[in-house]
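Residue-level structural notes
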Amino acid sequence: MDDELWARIEPLLPAWPERSSGPRPMDDRRCFQGILFVLYTGITWQQLPLELGFGSGQTGWRRLGRWQEAGVFEALHRILLAELNAAGLIDWTRACVDASHVRAKKG
């Protein structure tokens, strides 16, 4: 992941508590890269190789859940969409809306 993309992502991540029990947490950037690796390759979390330096699959899975709960990915999606739209790089005639992105009321 290049520095430009990380500069967009890092401010969206929730801060770690000052005092937390257990070992020091895995670096956020490396952990994010591990999550992207799992998503890109389609491997299971348990198959994430430790030698890549992304932390364990369980660490990545937990961090993904924590960030999802904090709204990190929704915020990143909105930021990137706004930037692409401002640059005129989105063809809205080819857009698709479904219930996973827009609330669909019953009835």
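Residues numbered from 1 in each chain as written. Predicted model: local features only at pLDDT ≥ 70, side-chain atom pairs only at ≥ 80, totals over all residues. Heavy atoms only, no water.

1. Re the pattern of salt bridges
- Per the stated rule, a full pass over the model turns up 5 salt bridges.
- The salt bridge partner of R8 is E83, with a shortest N-O separation of 2.8 Å. Pair noted here: R8 is in helix α1 (residues 3-9) and E83 is in helix α4 (residues 72-86), with a separation of 75 residues, a long-range link.
- A salt bridge links R63 to D28, with the nearest nitrogen and oxygen atoms 2.6 Å apart. (Salt bridge = Lys/Arg side-chain N within 4 Å of Asp/Glu carboxyl O. Helix = DSSP H or I, 4+ residues; strand = E, 2+ residues; numbered from the N terminus.)

2. A word on α4
- Here α4 spans 21 Å end to end across 15 residues, near enough to the 21 Å set by a 1.5 Å rise per residue.
- Count one or two residues on from α4 and you reach G88, which has phi positive near 70 degrees. (Expected span 1.5 Å × (residues − 1).)

3. Concerning the confidence of the model for the protein chain
- Confidence in the prediction for the protein chain averages 89 pLDDT; 93% of positions are at 70 or higher.
- Within the protein chain, the element-level pLDDT minimum falls on α1, averaging 94, and the maximum on helix α2 (residues 28-41), averaging 96. (pLDDT = per-residue confidence, 0-100.)

4. Details of the nonpolar core
- Counting 13 residues, the largest nonpolar core has W6, I9, L13, F32 and W67 as the members making the most contacts within it.
- Mapped onto this core, the elements with two or more residues apiece are α1, α2 and α4.
- Take this core: its biggest share by element is 4 residues, from α2.
- In contact with W6, not counting residues within four places along its chain, are M1, P11, L13, D28, R29 and F32. (Core = buried A, V, L, I, M, F, W, Y, C linked by side-chain atoms within 4.5 Å. Buried < 20%, exposed > 50% of the residue type's maximum accessible area, 1.4 Å probe, protein only. Contact = heavy atoms within 4.5 Å.)

5. Some points on helix α3 (residues 57-69)
- With 13 residues, α3 should reach 18 Å at 1.5 Å per residue; the first-to-last C-alpha distance of 18 Å fits that figure.
- All of the buried residues in α3 are G57, G60, R63 and W67. Each buried residue of α3 sits inside an arc of 125 degrees when the element is viewed along its axis, so together they form one side. Structural note: α3 exposes W61, R62 and E69 on the side pointing more than 90 degrees away from its buried face. (Arc of directions from axis to C-beta.)

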